[in-house]
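Topology and contacts: notes
Single-letter residue listing:
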Amino acid sequence: MIRILIADESGLTGDAMRSILGEQEDIYVVGCVHTEEELYFSLPHSNILLLSVRLGSRSASDIIKDICEAHSGVKTLVVGIHDNPRLILQYIEAGASGYVLRQETMGSLLAKVRAAYNDLALISPAIAAQLMGRLAKLANHPLTVDRGRRANNLAELTPREQEVLGLINNGYTNQEIANKLFITCGTVKNHVHSILEKLEASSRHDAASIYEMYQNPPSTLTMNQSGALTVA
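Now for a quick tour of the structure. (Residues numbered from 1 in each chain as written. Predicted model: local features only at pLDDT ≥ 70, side-chain atom pairs only at ≥ 80, totals over all residues. Heavy atoms only, no water.)

**Some details on the pattern of salt bridges**
- Using the criterion set out here, one finds 7 salt bridges in the structure.
- Through salt bridges with shared partners, a single ionic network connects Glu36, Arg58 and Asp66. (Salt bridge = Lys/Arg side-chain N within 4 Å of Asp/Glu carboxyl O.)

**Topic: the nonpolar core**
- If you look at the biggest cluster of nonpolar residues, it comprises 28 residues, and the most contacted ones within it are Leu39 and Leu49.
- Residue contributions to this core peak at 5 residues, all from helix H4 (residues 85–94).
- Setting aside its immediate chain neighbours within four residues, Leu49 contacts Leu5, Ala7, Leu39, Leu43, Ile67, Val74, Lys75, Thr76 and Leu77.
- By size, the runner-up hydrophobic cluster in this structure holds 20 residues, among which are Leu167, Tyr172, Val192 and Leu196. (Core = buried A, V, L, I, M, F, W, Y, C linked by side-chain atoms within 4.5 Å. Buried < 20%, exposed > 50% of the residue type's maximum accessible area, 1.4 Å probe, protein only. Helix = DSSP H or I, 4+ residues; strand = E, 2+ residues; numbered from the N terminus. Contact = heavy atoms within 4.5 Å.)

**Some words on the environment of Ile20**
- One can find Ile20 in helix H1 (residues 11–21).
- The spatial distance from the C-alpha of Ile20 to the C-alpha of Gly107 is 9.9 Å, given a sequence separation of 87 residues.

**Let's talk about the pairing of strand S2 (residues 27–33)**
- Here S2 lies mainly inside the structure; 5 of its 7 residues are buried.
- Handedness of the crossover joining strand S1 (residues 2–7) and S2 through H1: right-handed. (Right-handed = clockwise from strand over helix to strand, strands pointing away.)

**Brief notes about the side chain of Arg58**
- Mapped onto the fold, Arg58 is located in strand S5 (residues 58–59).
- Polar side-chain contacts of Arg58 include one of 2.5 Å to the side chain of Glu36.
- A polar contact is formed between the side chain of Arg58 and the backbone oxygen of Asp62, at a distance of 3.3 Å.
- Setting aside its immediate chain neighbours within four residues, Arg58 contacts Glu36, Tyr40, Val53, Ile63 and Asp66. (Polar contact = N/O pair within 3.5 Å; in protein donor to acceptor, adjacent residues only side chain to side chain.)

**Structural notes on the environment of Leu39**
- Within the element layout of this structure, Leu39 appears in helix H2 (residues 36–42).
- For the pair formed by Leu39 and Leu51, sequence separation is 12 residues and the distance between their alpha carbons is 9.6 Å.
- Beyond its immediate sequence surroundings of up to four residues, Leu39 is in contact with Leu5, Ala7, Val33, Leu49, Leu55 and Ile63.

**Brief notes about helix H9 (residues 174–181)**
- Within H9, the full set of buried residues consists of Asn174, Ile177, Ala178 and Leu181. For H9, the angular spread of the buried residues around the axis is 100 degrees, confining them to a single face. (Arc of directions from axis to C-beta.)

**What to know about unusual backbone geometry**
- Even without being glycine, Asp119 reaches a positive phi, approximately 65 degrees.
- Examined against the element boundaries, Asp119 turns out to sit in the loop between helix H5 (106–117) and strand S8 (121–122).
- Phi at Phe182 takes a positive value of approximately 60 degrees, unusual for a residue other than glycine.
- Assignment of secondary structure puts Phe182 in the loop between H9 and helix H10 (185–199).
- What makes Phe182 exposed here is its relative accessible area of 76%.

**Thoughts on the sheet that holds strand S6 (residues 75–81)**
- Reading across from one edge, S2-S1-S3-S6-S7 is the order of the 5 strands in this open sheet, with parallel pairing throughout. The two strands at the open ends of the sheet, each matched to only one other strand, are S2 and strand S7 (98–101). Here the average twist between neighbouring strands, direction ignored, is 20 degrees.
- The pairing of S6 with S7 spans 4 bridges and is classified as parallel. Of the residues in S7, the one forming a bridge with Ile81 is Leu101.
- Lying over the sheet, H5 contacts S1, S2, strand S3 (48–51), S6 and S7, oriented at roughly 160 degrees with respect to S6. (Pairing = 2+ DSSP bridges. Axes fitted to C-alpha atoms, helices over the stretch in contact; angles between N-to-C directions.)

This is the structure in structure tokens:
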């Protein structure tokens, strides 16, 4: 049985999904939550999570990473997102099992829910091509050379520097990092300089690539003719 938890700040949107999903014979809706606290309370009772792009002060990417670590049996679909390949890849790399665009129908949502439950992902050919290209780039990135040294460099980062690097990897600017961590932008710049020096990275992008390589190692992907993507 597919046990779905809906996490959406908009009560109207969540209730609409709950009403339609609840009519399906193979689906049981565990609940519709509107806060992060409610989400983590109900999560153990579900195997599929439908997550909006934000929940309170947390982004979907941050929540997905937490879920992958603590509730690996739950598969997450990010719902109501714009057709933006960069953001879609960000969610997938964070650990999402799929996504549902704003303009997609409930029929498409149901198909993607059932695909995720069966360890598949229905995505557009364009996104599949970009995702596979991204993974291929990571797999053949020059930074894969001397992985042991890179791992040691990462271990040299202070807890605060690791936190800043994680936010850099999520696309945050220095000012956004400063606001999130309640520190000055100048302090963030100092942390970034130290991170680049310790990782022997030439740019923020290179530093993020090193971080991503060790947090999310490349996977093997295959896609069938209907667009179902399997990740091994």
